[in-house]
Structure formats: C-alpha cells, structure tokens
Amino acid sequence: MAISHSLIIPVYRNEEFLPEVLQVVQEFAAQRDGAFEVVFVVDGSPDQSEQWLLDHLPGCDVPSQLIVLSRNFGSFAAVRTGLAAARGKYMAVMAADLQEPPALVTDFFRLLEKGHDVAVGTRASRDDSLAQQVPSRMFWGLYRMLVNPQMPPGGVDMFALTARARDALLALDEAHSSLVAQLYWIGFPRIEVPYDRRARKHGESGWTMRKKISYLLDSIFSFTDIPITLLTLMGFAGTMVFLLVGAGLLAARLLGMIAVPGYTAIMVTILFSASLILFGLGIVGNYVWRAYENTKRRPLGVVRTRVTFGSPRHG
C-alpha cells in the first residue's frame, strides 16, 4: 500500500512535546492502515530534539522521515522542506507544540478527500493570557488591514493541501516571503475549519515580537504596493504643502512683509524634504534588497541529514 497521507511537523525547541507528538502520530497511522507517513523537520533546534527522534523513530511502527536542517532557517523554510519531501497525495502541517488540536488533521484529510485542495485552521478561541491575546489580535488585525483581508483574524498555524496545490506552492521560490500568504495567493479551492487553541504545556513560544514584525514586513513588501503608494501620497501631499507655503512666502515678500528670507522656514523645508527623501529611500531599499535576495537563487533551507524509517505496509 503506497503512502496516501503525509503529516509534516517542524521541530524547534520542542523536545518536551515529542513523546506526546509521537503518540498522536501513531494514532493517525492506525487510522490510515499503513498508508500514512510523518515527516519531522528539525530546524536547527538547539535542544536534543534530533537525538530523541533518532532514538525513538526506528522503534515506531510508522513510516517516517527525519530531516535535519544545517541551521535554523525559520518555520516556513522547515515546512517547505517537509512538503517537498512528503510522498502522500494529501499533506497536512502540524505544530509540534500541540497548541492546535491534533484532531484537526483528521478533519483536514477528510475535507481534502472530498475535493478541497486547501484546508486551513482558524482560531475560534485561544486559551492564552490577556497579555498574549492583545498583541496577537493587534498584529493580525494589522496584517488583515495591510496585507490580506481574507486572512483569518488569528492567522493560520495549521493547514493541509493536496499534492497539486503543494506543487503550485513550492513553485513560488521566493526568499523573505510569507508561506501562508502564498497559500492564499495560489487560489485553489479552500475551506476553513474553526478550532479552539489550547494552552502551551511546556516552555515559551519562539514566535517572538521581532519575528512577527519581520513576518509582517516580508508580507507587506511581497504582496502589497502599500509602501510605494504611501510614499507617492506623501510626496504628493508634501508637494501641495510646499506649493502653498511657497506661494504664501512669495506673496509676503512682494508685499514687503518679509525683508530677509526666514531662517526658520528654510530649515523646516530642508529638514522635511530630507526626512521625506530618507523615508522614500528606505522603502525603495527594502524592495531592492528583497529583489536582490531572490536573484541569488539560494535554497530556502539546507538539509544536513535525511533519514527514512520504516516503509508502508503492502496489503
């Protein structure tokens, strides 16, 4: 029996979760009667996740792949690597911290089998503190406003897709982009599945504010023209302001109201113009840098080790 369903699990600082994750994986495999595989992608994790998986996957009666990246390339690179290695017709991505209910994977697979090409999980609620919820809501609200209004209010952490949707997604070989935004961009039939996000049992999430800001900027510069539009509007507004101010100063000079050119007006004009130029250069520079990064054609992740354990059972 060939592999029909693949589960991709990126791993970074998740050693404490792996025993429960492996138990969940075995339950999935039992449901699929040997036609299921799991693909673990260790994204340069500094803990003992790699060694734990090397010790326990050989004794697990589940076809599996262990892919170890040479360093930490980020979750999107890890997911892309896992998707590229997956052998199933249907593929799902699950976080190793188990904050999203594993039962979503079963729901995803059922929907894909019915004809949907993409299924995404949307948070109906989350069991987190108010200090965690408020920044998250602000971030995703800003993301929906600036990047993609179709994005669920809580973002997307789990999704599944068919092999043809996977191929279309991986064809978008862009550095410093958003994998989730790309998932929406490819435009395959998509369905959303609500779920209640669970509290994290161990450690702290690696989804820091710095990574959120970087993710937001990557999405803005990759999927919208808002920065260029903003720069154009600022330039237009600045031009109108200076035309009015200039006309006023000229009229005052002709009427004898200004005997000596004003130092304050000159300095304000120079400072404002210089600030506008620097702001514009920063925006244009971001586009140029991202375009330059894509011309390098570097892989988004480098595989150091890849090991396959077990094989699908033949009926």
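Whatever comes next refers back to the structure up there.
Residues numbered from 1 in each chain as written. Predicted model: local features only at pLDDT ≥ 70, side-chain atom pairs only at ≥ 80, totals over all residues. Heavy atoms only, no water.

A. View of helix α6 (residues 163-170). For α6, the complete set of buried residues consists of Ala165, Arg166 and Leu169. Taken down its axis, α6 places every buried residue within 105° of arc, on the same side. (Buried < 20%, exposed > 50% of the residue type's maximum accessible area, 1.4 Å probe, protein only. Helix = DSSP H or I, 4+ residues; strand = E, 2+ residues; numbered from the N terminus. Arc of directions from axis to C-beta.)

B. Structural detail: the environment of Asn286. Mapped onto the elements of the fold, Asn286 is located in helix α10 (residues 263-295). By relative accessible area, which is 27% here, Asn286 ends up partly exposed.

C. Looking closely at the packing of helix α1 (residues 18-32) against helix α4 (residues 103-113). Contact pair α1 / α4: the axes reach a minimum separation of 11 Å and the direction vectors enclose 30°. In terms of crossing hand, the pair formed by α1 and α4 is right-handed. In this structure, α1 uses Phe28, Gln31 and Arg32 to contact α4, whose residues at the interface are Val105, Thr106, Phe109 and Glu113. Grouping the amino acids of the contact of α1 with α4 by side-chain chemistry returns three nonpolar, two polar and two charged. (Axes fitted to C-alpha atoms, helices over the stretch in contact; angles between N-to-C directions. Left-handed = near helix turned anticlockwise from the far one by under 90°. Contact = heavy atoms within 4.5 Å. Nonpolar A, V, L, I, M, F, W, Y, C, P; charged D, E, K, R; others polar.)

D. Just a nonpolar patch on the surface, in detail. A cluster of nonpolar residues, Ile228, Val284 and Val288, forms a patch on the protein surface that exposes about 220 Å² of accessible area. Within the secondary structure, Val288 is located in helix α10. Judged by its relative accessible area of 52%, Val288 falls in the exposed class. (Patch = residues over 30% accessible without salt bridge, like charges linked within 9 Å, V, L, I, M, F, W, Y side chains within 5 Å. Areas by Shrake-Rupley, 256 points an atom, 1.4 Å probe, with all protein chains shown as cover. Salt bridge = Lys/Arg side-chain N within 4 Å of Asp/Glu carboxyl O.)

E. Spotlight on helix α2 (residues 49-56). Among the residues of α2, Ser49, Trp52 and Leu53 are the ones counted as buried. Each buried residue of α2 sits inside an arc of 95° when the element is viewed along its axis, so together they form one side. Buried residues in α2 make contact with β1 (5-11), α1, β2 (36-42) and β3 (64-69).

F. Looking closely at unusual backbone geometry. Even without glycine at this site, Arg13 takes up a positive phi of about 55°. Within the element layout of this structure, Arg13 appears in the loop between β1 and α1. Of note in the backbone geometry, Leu98 takes a positive phi value of approximately 60° without being a glycine. Examined against the element boundaries, Leu98 turns out to sit in the loop between β4 (90-93) and α4. Assessed through its relative accessible area of 5%, Leu98 is described here as buried.

G. Spatial organisation of the side chain of Thr81. Following the sequence through the fold, Thr81 ends up in helix α3 (residues 75-85). Residues in contact with Thr81, not counting those within four places in the same chain, are Val41, Ile67, Leu69 and Val303.

H. Layout of the nonpolar core. Residues Leu7, Ile9, Val25, Phe36 and Phe40 are the most contacted members of the largest nonpolar core, which totals 39 residues. Among the secondary structure elements, those contributing two or more residues to this core are β1, α1, β2, α2, β3, β4, α4 and β7 (190-197). Once residues lying within four places of it in the same chain are set aside, the contact partners of Phe40 are Ile9, Val11, Val21, Val25, Leu53, Leu57, Gln65, Leu66 and Ile67. Judged by nonpolar contacts, the second largest core, of 33 residues, contains Ile8, Phe139, Ala165 and Val180. (Core = buried A, V, L, I, M, F, W, Y, C linked by side-chain atoms within 4.5 Å.)

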